[in-house]
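Chains, contacts and geometry: an overview
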Amino acid sequence: GPEEWPQKTGRIVFWIAAVAHALLTVVKFSEWVGFRHEFEHVHPQWLIFPVGLAVASFGVVMPFFEETNAHFQEANVLLARFFLSFGYLLWIAIFSISLFKVVTGHNSDPRARHGVWIWMASPCIIG
């Protein structure tokens with residue numbers, strides 16, 4: 001049946017946030033690639049971008065397009081697959097770099113220690 005206004009509003013807000021997060025991820029990723037960073041600036045908190053993309057991949061559950069025919073269903077799956085694959089690729093790269101820093105570097109800064117717990121967030125969501 002037709003969607004009620006709370007469901008439609010929720011769908012609109014979810015997808016505005018998902019697209020905005022994807023754009024911010026591309027901007028931040030281009031900053032990481034385009035500018036030279038020292039190794040001390042790498043933090044596990046950078047993994048929040050892959051976590052957000054993994055959440056945005058739940059678009060199969062809350063579809064962008066109303067599933068009136070097979071083409072819209074396929075578009076929803078492809079859009080979710082894009083978010084998930086880009087998030088997974090980012091997670092692998094950032095996890096490897098931040099793990100190397102934590103294992104080989106001096107992890108004495110108490111402000112940075114709690115960030116290692118975010119290492120588990122993407123695998124738990126991507127599962």
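Further up the page is the structure itself.
Residues take numbers from 1 onward in each chain, read along the sequence in its written order. Where totals are concerned, whole chains, interfaces and linings use all residues; where local detail is concerned, this predicted model gives features only for residues with pLDDT of at least 70, and gives and counts side-chain atom pairs only at 80 or more. Side-chain measures were taken over the full set of non-hydrogen atoms in the model, leaving aside hydrogen atoms and water.

Moving on: the overall build of the protein chain. Only DSSP runs of H or I with at least four residues qualify as helices, and only runs of E with at least two residues qualify as strands; both kinds are numbered from the N terminus onward. A count of helices and strands for the protein chain gives five helices and zero strands. For the protein chain, the sequential pattern of α-helices and β-strands runs α-α-α-α-α. Restricting the contact set of the protein chain to residue pairs at least 6 apart, pairs at least 24 apart contribute 78%. Accessible surface area values rest on a Shrake-Rupley calculation with a 1.4 Å probe, where residue burial reflects the displayed protein chains alone. When the accessible surface of the protein chain is summed, it comes to about 8,500 Å², and 70% of that surface belongs to carbon and sulfur atoms. Contacts are assigned to residue pairs that have any heavy atoms within 4.5 Å of one another.

Any residue with an atom within 4 Å of a point lines the site, the site being either a cavity, points on a 1 Å grid over the protein atoms alone where a 1.4 Å probe fits but cannot get out, or a pocket, an open set with protein on both sides within 12 Å along at least 5 of 7 lines. Grid points are joined across faces, edges and corners, and a volume is the space filled by probe spheres set on the points. Size it by volume and the largest pocket reaches roughly 220 Å³. Every residue lining the largest pocket is listed: Phe 29, Trp 32, Val 33, Phe 35, Arg 36, His 37, Val 42, Trp 46, Leu 90, Ala 93, Ile 94 and Ile 97. Elements with a minimum of two residues in the lining of the largest pocket: α1 (5–34) and α3 (70–104). It is α3 that contributes the most residues to the lining of the largest pocket, four residues altogether. Gly counts as polar in this scheme, as do all residues outside two lists: the nonpolar Ala, Val, Leu, Ile, Met, Phe, Trp, Tyr, Cys and Pro, and the charged Asp, Glu, Lys and Arg. Taken together, the residues of the lining of the largest pocket break down into 10 nonpolar, one polar and one charged.

What follows concerns the environment of Leu 89. Summarising the element assignment, Leu 89 is placed in helix α3. A C-alpha to C-alpha distance of 8.2 Å links Leu 89 and Pro 50, two positions 39 residues apart in sequence.

The criterion for an aromatic pair is that two Phe, Tyr or Trp rings (for Trp, the six-membered ring) have centres within 6.5 Å, with stacked assigned to planes under 30 degrees apart, edge-to-face to planes over 60 apart and tilted to the rest. This model, assessed by the stated rule, comprises 10 aromatic pairs. Geometrically, the ring pair formed by Phe 82 and Phe 83 is tilted, given 5.6 Å between the ring centres and 55° between the ring planes. Accessible area is worked out with a 1.4 Å probe on protein chains only. A residue is then buried under 20% of its type maximum, exposed over 50%, and partly exposed in between. Given the relative accessible area of 3%, Phe 83 is considered buried. Between Trp 91 and Phe 95 the ring centres are 4.9 Å apart and the planes differ by 10°, which places this aromatic pair in the stacked class. With a gap of four residues between them, Trp 91 and Phe 95 both fall in helix α3, about one helical turn apart. Judged by its relative accessible area of 15%, Trp 91 is buried.

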